[in-house]
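# Chains, contacts and geometry: an overview
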2 protein chains.
Amino acid sequence: MRERSWWGWGWADNALADSECVQLARGLPGMPSKPKRIPDPAALELPAIRLRPPAAVAEFCTTTPLARAAHTYGKAYRDVVRALAGRFERCPDLVAYPRTEGEIVAVLDWAGGVGAAVVPYGGGSSVVGGVEYRGELPWVCVDLSRLNQVLEIDRTSRAARVHCGILGPALEDRLRPHGLTLRHFPQSFEFSSLGGWLATRAGGHYSTTTTHIDDFVESLRVVTPRGISESRRLPGSGAGPSPDRLLLGSEGILGILTEAWMRLQDRPAHRASAAVTFPDFADGIAAVRAIVQSGLSPAGCRLLDAGEAALAGAARCGESVLILGFESPAHPVLAPRDAAVEIARMHGGTVRPNQDGADIVETWRSGFLRMPYLRDALARTGTVVETFETATTWDRLLKLYSEVHTEVAAAVERVCGAPGIVNCRLTHVYADGAAPYFTVLAPGRPGSELAMWDDIKAAASEVLDRHRATITHHHAVGRDHRPGYDRQRPDLFAEALRAVKKTVDPQGILNPGVLLD
Amino acid sequence: MRERSWWGWGWADNALADSECVQLARGLPGMPSKPKRIPDPAALELPAIRLRPPAAVAEFCTTTPLARAAHTYGKAYRDVVRALAGRFERCPDLVAYPRTEGEIVAVLDWAGGVGAAVVPYGGGSSVVGGVEYRGELPWVCVDLSRLNQVLEIDRTSRAARVHCGILGPALEDRLRPHGLTLRHFPQSFEFSSLGGWLATRAGGHYSTTTTHIDDFVESLRVVTPRGISESRRLPGSGAGPSPDRLLLGSEGILGILTEAWMRLQDRPAHRASAAVTFPDFADGIAAVRAIVQSGLSPAGCRLLDAGEAALAGAARCGESVLILGFESPAHPVLAPRDAAVEIARMHGGTVRPNQDGADIVETWRSGFLRMPYLRDALARTGTVVETFETATTWDRLLKLYSEVHTEVAAAVERVCGAPGIVNCRLTHVYADGAAPYFTVLAPGRPGSELAMWDDIKAAASEVLDRHRATITHHHAVGRDHRPGYDRQRPDLFAEALRAVKKTVDPQGILNPGVLLD
């Protein structure tokens, strides 16, 4: 069986070799070049185990050092840095792998009884401290990877009842023989779970229409400390506030999602794409806005600023590039593709010649999935390398972009003592706004990387808050985004959410520190 | 100024004359033909007023008998029957017309202090007892019609900040000069408010994509007894459970909505339509399913069963008819219209010849808006005439339709002692299911109409529940749908909602009896 990395992203054998790390860093000015050693997992120093579950729970739990270490963090840059430093002071006391809802109930009952915290864990791909308990209680990580079946397929309604612990590829593998797809492809797709997508309101790879997982939900089933709850499976309803929408984005603080009826789609049969360059990012923004406001819904509509385009090798120096992709299961998409390209041209865009459309998107996609491995390699060279993202309305977008760029670049220079790279792409676009996604690369000082990144991130969050943009469009809140989230959500809503939490989790054992105190 | 009807739907001068009522009923077998007299509003017997507000509140309140009577009920069949019978035992003690948020705060503070109930009232078009207080407390109806401005338009992002008391036509009038539209046209459009749409998760006239108001919301502002709360205006977000989705569908129990930032659209410039007949409703259902699942999004996609088509004069006897309409602000829609028609043909449909496309939709639309006036006229003839609606997934739809038809027809015959009419149309369609809308017409016994309808409705609700369909797709829950809603929503969600209610409305003064006890 292929092995997952316990310290970084994805498959262990996909991690870059030392020589590749050096090679990668060589391209970046001012970066140190000797990669950090990956610690020997057998030699990790982990704290003593404080929990002794009863036999009925113990039989699906493990306390091996490797499992405890691998379940300590998510997969943010901060997490990789800490794992590489061998820092696992707050690792889980044990990791549970329930095979049934009954076993989840047993864990919750036992944990409630002994005063342990419980952190639900899907694929473990959180980049916001969502699966990392930071309190003082003993804690159990509940890894849902054994709840991984497609339980029922309704071909007529194009929907499926699915276990929430299933990872992206397994889900798609089971749907493919039926000609169906969930068509939800976040960057973490290979290593994130349906339950994780639902709990964090994950954003998929597609740029328009159903960007978040939310709209694919027919019904949810959840295990809480107060019992199991399930909503009715419906294509649409107007009966009171949606029960599902209270769970979507609840990040494990209200219960553990076990099953969902999900809306599916036919697999696309028609595709067309194009790449258009713009001398100026502002022109690209205007073009993208005109495209989505005209009613076109490109599956892919990614606008890369000059820095991002150069880094991706997607455009000449100084140019922004718009990568457009259209898809449909039943209808030709050349006409909408051409209509979008024409709008882009009217906004000063130049269609990139001699480029096969399909390749542009494929090249983008494979680079996209490889990105986290490169991130890990750069982290090993001591580079500060992380992303953050937001969303705002069109009227504020350009100013937000430019101030984030200026102020984060200034923060990088202040914190790192040298200039770094601050790039941006629009990942998701709406008729009323867009979601810009920023990448930061800067030379780190050994041992200070976390503090440096926290400083830079604080500067970024400050700009977002000043513009009343969201602290996160699709990375979720977790623990890292709490200061920004606490400024963003209405106080009265936080009080209401606290009241809901107290109702379904009276002892407050579920994922403490996420969303609420 | 044109006058609103105090006992029935819409404009007073649009109500059918006595002779027209007789004419209308003559077409229906077994119906009594003498229309009930409309009571003299000056002679109504209303209960004594139990509330004396302080001067600061009194100055925007009224206690005139006509205002109190007109604010006693919504506009369901049950409401019209009771109004015609002069039954106003539970009318509001007074009607407040706040002009500012400050005045809403003053009403809530005062009502909380004296233990009065508060019922928010937008256009008053509820058909589910949503604005009708049935408890024993003195109560204030808060009519929001003076909060009726478009406050700000952001042309770039195509969004507007709007007062929640504005009615449909006023809103569209203010947006039209900017080339914009909210494009939300429920049947109640002329006499329902933005706040009412939001509080009830109203369904618009369009059949696909954004069927409910929910998806048009950027942010909401609400006055609660615990203070004012406002969400951040965003095109998309993944930061925790959506605060707005907790208020959408809250039907006035959590607060009074005062302002919303709403997403707008360009006005459509391209239109195409078609009517297709089917020998069998089941074929029509299969065609509609194939059309939406192919990725086409007709703005109008209404499938009328044979009875409904005959009543609307839209098809030959025994035929079902599908009315298709496509719209776009920027792109021609003949191709998608033709693609939809081709799918319908492949499912046994016949395109209706010699019919101008645009007229089909226009004819439908004007009949649609006239329907409530006909309903009132029939109610005056003693006819039991009401509608109910639901939604279910495609796999269950045909069976649900057929059992509702059989069992409700049987209930009508049992209750009324004579056969009635039970018709159906699909009003909203989704890739995974549809919303069937049923109309019932049956001969009533004078004085027993309410009990008769309640019996029939109970039979209908029983079938819906048995099929796990929703008790309401877009009419909301109010007080009438409480039994069905209480079976539908997860118990734990009801507990959570109660906890939220206690947080924002600790004394429970807001719209008691709706959604919760």
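These figures come from a predicted structure and were not determined experimentally. (Residues numbered from 1 in each chain as written. Chains lettered and ligands numbered in written order. Predicted model: local features only at pLDDT ≥ 70, side-chain atom pairs only at ≥ 80, totals over all residues. Heavy atoms only, no water.)

## Concerning the domain arrangement of chain A
Residue and element names in this part refer to chain A.
- For chain A, the domain assignment lists domain 1 (36–267 + 480–516) and domain 2 (270–479).
- Inter-centroid distance (C-alpha atoms) of domain 1 to domain 2 is 27 Å.
- In this complex, domain 1 contributes 53 residues to the contact, which on the side of domain 2 involves 47 residues.
- Summed over both partners, the interface of domain 1 with domain 2 comes to about 4100 Å²; 52% of that surface belongs to carbon and sulfur atoms.
- The tally of links between domain 1 and domain 2 comes to 4 salt bridges.
- Linking domain 1 with domain 2 are 32 residue pairs in polar contact (both at pLDDT 80 or more), by the criterion used here.
- At the level of elements, α4 (77–84) and α15 (482–488) are the ones that each hand at least two residues to the side of domain 1 that touches domain 2.
- Classifying every residue of the side of domain 1 that touches domain 2 by side-chain character gives 20 nonpolar, 17 polar and 16 charged. (Domains from an automatic or database assignment. Contact = heavy atoms within 4.5 Å. Buried area = accessible area lost by both parts, 1.4 Å probe. Salt bridge = Lys/Arg side-chain N within 4 Å of Asp/Glu carboxyl O. Polar contact = N/O pair within 3.5 Å; in protein donor to acceptor, adjacent residues only side chain to side chain. Helix = DSSP H or I, 4+ residues; strand = E, 2+ residues; numbered from the N terminus. Nonpolar A, V, L, I, M, F, W, Y, C, P; charged D, E, K, R; others polar.)

## A word on the packing of aromatic side chains
- Counting across every chain of the model gives 22 aromatic pairs over all chains.
- Ring centres of A:Tyr133 and A:Trp139 lie 5.8 Å apart, and the angle between their planes is 55 degrees; this geometry places the pair in the tilted category. There is no split in this pair, since A:Tyr133 and A:Trp139 are both buried.
- Seen from their ring centres, B:Trp11 and B:Phe191 are 5.3 Å apart, and the 75 degrees between their planes marks the pair as edge-to-face. Taken together, the residues B:Trp11 in the segment before α1 (18–26) and B:Phe191 in the loop between β7 (180–181) and α7 (194–200) connect sequence positions 180 residues apart.
- Judged by relative accessible area, B:Trp11 falls into the partly exposed class, the value being 22%.
- A cation over a ring is seen here: A:Arg183 above A:Tyr206, with NZ or CZ 3.8 Å from the ring centre.
- Between B:Arg233 and the ring centre of B:Trp261, over which it is positioned, the NZ or CZ distance is 3.8 Å. (Phe/Tyr/Trp six-rings, centres within 6.5 Å; stacked < 30°, edge-to-face > 60°. Buried < 20%, exposed > 50% of the residue type's maximum accessible area, 1.4 Å probe, protein only. Lys NZ or Arg CZ within 6 Å of the ring centre and 35° of its normal.)

## Observations concerning the relation of the copies chain A and chain B
- The transformation that overlays chain A on chain B combines an axial shift of 0.0 Å with a rotation of 180 degrees, and the residual RMSD is 0.0 Å. Taken together, the turn and the small shift mark the pair as related by a two-fold rotation axis. Every residue of chain A has its C-alpha some distance from the rotation axis, and the shortest such distance is that of A:Ala499, at 2.7 Å.
- A shared binding surface is used by both copies, with 100% of the interface residues of chain A retained as interface residues in chain B. (Least-squares fit on C-alpha atoms with pLDDT ≥ 70 in both.)

## Focus on the pairing of strand β3 (residues 117–121) of chain B
- Most of β3(B) sits out of view: 5 of its 5 residues are buried.
- Residues B:Ala117, B:Val119 and B:Tyr121 of β3(B) are buried on one face, and the alternating residues B:Val118 and B:Pro120, pointing to the opposite face, are buried as well.

## Focus: the sheet that holds strand β2 (residues 94–96) of chain B
Residues and elements named next belong to chain B.
- The strand order β1-β2-β4-β3 describes an open sheet built from 4 strands, whose pairing is mixed. One side of each edge strand has no neighbouring strand; the edge strands of this open sheet are β1 (61–62) and β3.
- Taken together, the 3 bridges between β2 and strand β4 (residues 139–143) define a ladder with parallel strand orientation. Looking at the pairing, Val95 lines up with Cys141 of β4.
- Each of β2, β3 and β4 touches helix α5 (residues 101–114); the most contacted strand, β4, lies at about 170 degrees to it. (Pairing = 2+ DSSP bridges. Axes fitted to C-alpha atoms, helices over the stretch in contact; angles between N-to-C directions.)

## Here we look at the pairing of strand β18 (residues 421–430) of chain A
Residue and element names in this part refer to chain A.
- Of all 10 residues that make up β18, 9 are buried, and the element is covered over most of its length.
- Pairing of strand β13 (residues 300–304) with β18, which is carried by 2 bridges, proceeds in the antiparallel orientation. Directly across from Leu303, in β18, lies its bridge partner Leu426.
- Bridge count between β18 and strand β19 (residues 433–443): 9 bridges; the pairing is antiparallel. Residue Val429 lies in a different strand from β19, and its bridge partner there is Ala434.
- Linking two consecutive strands that pair antiparallel, namely β18 and β19, is a turn of 2 residues.

## Examining the sheet that holds strand β8 (residues 217–224) of chain A
Residues and elements named next belong to chain A.
- The 5 strands lie next to each other as β5-β6-β10-β8-β9, forming an open sheet whose pairing is antiparallel. Every interior strand has two partners, whereas the edge strands, β5 (150–154) and β9 (227–230), have only one. With strand direction ignored, the average angle separating the axes of adjacent strands in the sheet is 10 degrees.
- With 4 bridges joining them, β5 and strand β6 (residues 159–163) adopt antiparallel strand pairing. Each residue of the ladder has a partner; that of Val150, found in β6, is Val162.
- Together, β8, β9 and β10 (256–263) form the strand contacts of helix α5 (residues 101–114), whose direction differs from that of β8 by roughly 45 degrees.
- Together, β5 and β6 form the strand contacts of helix α6 (residues 168–175), whose direction differs from that of β5 by roughly 40 degrees.

## Remarks on the UniProt feature "site: Important for enzyme activity" (unreviewed entry) in chain A
All names here are of chain A.
- When the UniProt feature table is mapped to this numbering, "site: Important for enzyme activity" (unreviewed entry) covers Arg302.
- For Arg302, a relative accessible area of 4% corresponds to the buried category.
- In contact with Arg302, other than residues within four places in its own chain, are His205, Ser207, Val321, Leu322, Ile323, Trp364, Phe368, Arg425, Leu426 and Thr427.
- In terms of polar contacts, Arg302 uses its side chain to reach the backbone carbonyl oxygen of His205, at 2.9 Å. (UniProt positions renumbered as here; feature names shortened; annotations may be inferred.)

## Structural notes on the interface of chain A and chain B
- With 78 residues of chain A in contact, the opposing surface of chain B contributes 78 residues.
- Between chain A and chain B, a total of about 6200 Å² is buried, with carbon and sulfur atoms accounting for 56% of that surface.
- Taken together, chain A and chain B are joined by 8 salt bridges.
- With a shortest N-O distance of 2.7 Å, B:Arg263 and A:Asp432 are connected by a salt bridge.
- For the pair chain A and chain B, the interface holds 30 residue pairs in polar contact (both at pLDDT 80 or more).
- Broken down by element, the side of chain A that touches chain B gets its largest block of residues, 9 residues, from helix α16 (residues 491–504) of chain A.
- Here the residues of the side of chain A that touches chain B are counted per class, giving 31 nonpolar, 27 polar and 20 charged.

## Details of the UniProt feature "binding site: FAD" (unreviewed entry) in chain A
All names here are of chain A.
- According to UniProt, the feature "binding site: FAD" (unreviewed entry) maps to Pro120, Tyr121, Gly122, Gly123, Gly124, Ser125 and Ser126 in the numbering used here.
- Along the chain, the position of Pro120 falls in strand β3 (residues 117–121).
- Relative accessible area serves as the criterion here: at 14%, Pro120 is assigned to the buried category.
- Filtering out sequence-adjacent residues up to four positions away, Pro120 remains in contact with Val131, Val142, Leu144, Gly252, Ile256 and Asn511.
- Classification of Gly123 by relative accessible area gives buried; the value is 7%.
- Gly123 has contacts with Arg4, Leu167, Phe191, Ser192 and Ser193, leaving out every residue within four places of it along the chain.

## What to know about the pattern of salt bridges
- In total, this model carries 92 salt bridges over all chains according to the counting rule given.
- Note that A:Glu327 is salt-bridged to A:Arg183, the shortest N-O span being 3.1 Å. Residue A:Glu327 is located in strand β14 (residues 320–328), and its partner A:Arg183 is located in the loop between β7 (180–181) and α7 (194–200); the two are separated by 144 residues in the primary sequence.
- B:Arg380 is paired through a salt bridge with B:Asp18; the nearest N and O atoms lie 2.7 Å apart. Within this pair, whereas B:Arg380 is found in helix α12 (residues 357–380), its partner B:Asp18 is found in helix α1, the two being separated by 362 residues in sequence.
- Looking at B:Arg380, the relative accessible area reads 3%, which means it is buried.
- By sharing partners, the salt bridges in this structure join A:Asp79, A:Arg82, A:Glu132, A:Arg134 and A:Asp480 into a single network.

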